Structures are given as structure tokens and as C-alpha cells.
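# An overview of the molecular structure
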Amino acid sequence: MATIRPIKWMCVVGALVLAPVLVPAATFTITPGADNDCTDFDCDLQSALNQAVANGEDDTLTVEAGTYMASTTFRYDDVGQQEDCALTISGAGSAQTILSGNSQVRILHIDAQGGDNSHITVQGIQFTAGRSVDDLAAGLYVNTKGDVTVKNCWFHHNQGPLSLGGGAGVTSSPLGG
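As the structure is a prediction and not an experimental result, all values here were calculated from the model. (Residues numbered from 1 in each chain as written. Predicted model: local features only at pLDDT ≥ 70, side-chain atom pairs only at ≥ 80, totals over all residues. Heavy atoms only, no water.)

### Regarding the overall build of the protein
- If you tally the helices and strands in the protein, you get 2 helices and 14 strands.
- Counting every position in the protein, which comprises 177 residues, the buried fraction comes to 43%.
- Across the protein, contacts joining residues at least 24 apart in sequence account for 80% of those joining residues at least 6 apart.
- Within the structure as shown, the protein displays about 9300 Å² of accessible surface, and the carbon and sulfur contribution to it stands at 56%. (Helix = DSSP H or I, 4+ residues; strand = E, 2+ residues; numbered from the N terminus. Buried < 20%, exposed > 50% of the residue type's maximum accessible area, 1.4 Å probe, protein only. Contact = heavy atoms within 4.5 Å. Areas by Shrake-Rupley, 256 points an atom, 1.4 Å probe, with all protein chains shown as cover.)

### Focus on the pairing of strand 6 (residues 87–91)
- Of all 5 residues making up strand 6, 4 are buried, and the element is well covered by its neighbours.
- Where strand 3 (residues 58–63) meets strand 6, 5 bridges bridge the pair, whose relative direction is parallel. Paired with Val-63 across the strands is Gly-91, a residue of strand 6. (Pairing = 2+ DSSP bridges.)

### Thoughts on the nonpolar core
- Counting residues in each nonpolar core, the largest one holds 31 residues, and the members touching the most others are Phe-28, Leu-61, Ile-89, Leu-108, Ile-110 and Phe-127.
- For this core, the elements supplying multiple residues, two or more each, are strand 1 (25–30), helix 2 (45–54), strand 3, strand 5 (74–77), strand 6, strand 8 (108–112), strand 9 (120–123) and strand 11 (140–144).
- Take this core: its biggest share by element is 5 residues, from helix 2.
- Discounting chain neighbours no more than four positions away, the residues touching Leu-108 are Leu-49, Thr-73, Phe-74, Ile-89, Phe-127, Gly-139, Leu-140 and Tyr-141. (Core = buried A, V, L, I, M, F, W, Y, C linked by side-chain atoms within 4.5 Å.)

### A few points about the side chain of Asn-158
- Along the polypeptide, Asn-158 turns up in the loop between strand 13 (154–156) and strand 14 (168–172).
- Judged by its relative accessible area of 14%, Asn-158 is buried.
- Looking at Asn-158, its side chain comes within polar contact range of the main-chain oxygen of Phe-127, at 3.0 Å. (Polar contact = N/O pair within 3.5 Å; in protein donor to acceptor, adjacent residues only side chain to side chain.)

### Some points on the state of the cysteines
- If you walk through the whole model with that rule in mind, you get 1 disulfide.
- Two residues, Cys-38 and Cys-43, share a disulfide whose sulfurs are 2.2 Å apart. Its torsion about the S-S bond being 90°, the disulfide of Cys-38 and Cys-43 is classed as right-handed. The two residues Cys-38 and Cys-43 agree in class, both being buried. (Disulfide = S-S within 2.5 Å.)

### Description of the confidence of the model for the protein
- On average, the protein scores 83 in pLDDT, and the residues at 70 or more come to 81%.
- Element-level mean pLDDT values for the protein span from 43 in helix 1 (residues 4–18) up to 98 in strand 7 (residues 97–100).
- Residue range residues 1–20 is modelled with pLDDT below 50. Its contacts to residues more than four positions away, or to other chains, number 0 contacts. (pLDDT = per-residue confidence, 0-100.)

### Let's talk about the environment of Asp-111
- Tracing the sequence through the fold places Asp-111 in strand 8.
- The sequence separation of Asp-111 and Tyr-76 amounts to 35 residues, and the corresponding C-alpha distance is 6.1 Å.
- Ignoring sequence-local partners within four residues, the contact set of Asp-111 consists of Tyr-76, Asp-77, Asp-78, Val-79 and Asn-143.
- In terms of polar contacts, Asp-111 uses its side chain to reach the side chain of Asn-143, at 3.2 Å.

### Some remarks on the sheet that holds strand 5
- Across the sheet, which stays open at both edges, the 4 strands sit in the order 5-8-11-14 with parallel pairing between neighbours. Strands with a single pairing partner mark the edges of an open sheet, and in this sheet they are strand 5 and strand 14. Adjacent strand axes in the sheet meet at a mean angle of 5°, parallel and antiparallel pairs treated alike.
- Bridge count for strand 5 against strand 8 is 4 bridges, and the pairing is parallel. Opposite Arg-75, over in strand 8, you have His-109 as the bridge partner.
- Across the sheet, helix 2 touches strand 5 and strand 8, and the angle it forms with strand 5 is around 0°. (Axes fitted to C-alpha atoms, helices over the stretch in contact; angles between N-to-C directions.)

Have a look at this one:
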């Protein structure tokens, strides 16, 4: 009998060790003209990106139908924080959710170097009239160690001077790189 108890205990410990780690998730709703207060999870796009990069959670930003003018580049930048979480930005469809750089700025810049779990998904958004003055994409630029998925997006009238100057660009660096 004494040998049965340690085996049962080992099974319980093994189950605890093998249990998946659940990362909390936050969902933000972005609406045209929303305020910068994300405590109610309804805020403008830049405020939601700021909250997402700082909260240590997988995040979903639901960008409702409308036109969003970028007077400065919308940025998600985890450099220095190294958040190792997923980011999903979902629009209502590329004909309904429009991000515009007004021919002045890159529209969306995502720098997620936290680790291999920093997966980025962008879907259902139109990127128009972005402008880049460097060698990075004018509409959407993503730099991450994780996977990148861009689907059902429309890129048009974006301009830049060099090789990645068009609609979208992705760079990836391996862990430790």
C-alpha cells in the first residue's frame, strides 16, 4: 500500500505540470470619434494599441465600420517591454473599415519583438493613402518574432520611396536576433 500513494501523487503533480498555461485576453472596441479612455474597453485606435502593448495579455481590437484618419502613425511598439502575446486587429470588412494616412504618414506600424507567441493578425481593413519616407511599407508594417497573418485587407494608393514602399511589409527576426 505504501507504494500506491506516491504513484497517485506523481499523477496529480504530472497533471499540474502538463496543464496548459492560459494567458488572459482583452478585447477593445474601436469606434470613430471614440475617446482615449480604455477603462470601458471602448476607445480610439491609438489608445487601444497603447493599452494592448502594456497589459501583458493576448489582445483583440475590433475596429468598427468607419473611416479612421491617421494624423500620426498608429503604433504598437513593445520594444523595451517585450510582451510575448498575440495581437489581433479585426475590421468590419475592407469596404467598411478604412484606415487612411491622408497621404502624410505610414498608417499602422507594429513592432512586436516579445517572443514566438507575439503572433499578429490583421483582417478586414482597408489601408489607403499611406506615405512612407523610409524603406518600410506605407500602409502596414509589421516586425515580429511570431507569425503574421493578413487577410481580407485591401491596400491601395500607398506610396514610399524604396523597396518596401507600397502597401504592406513584414520583417521577422529569430529569437535572440
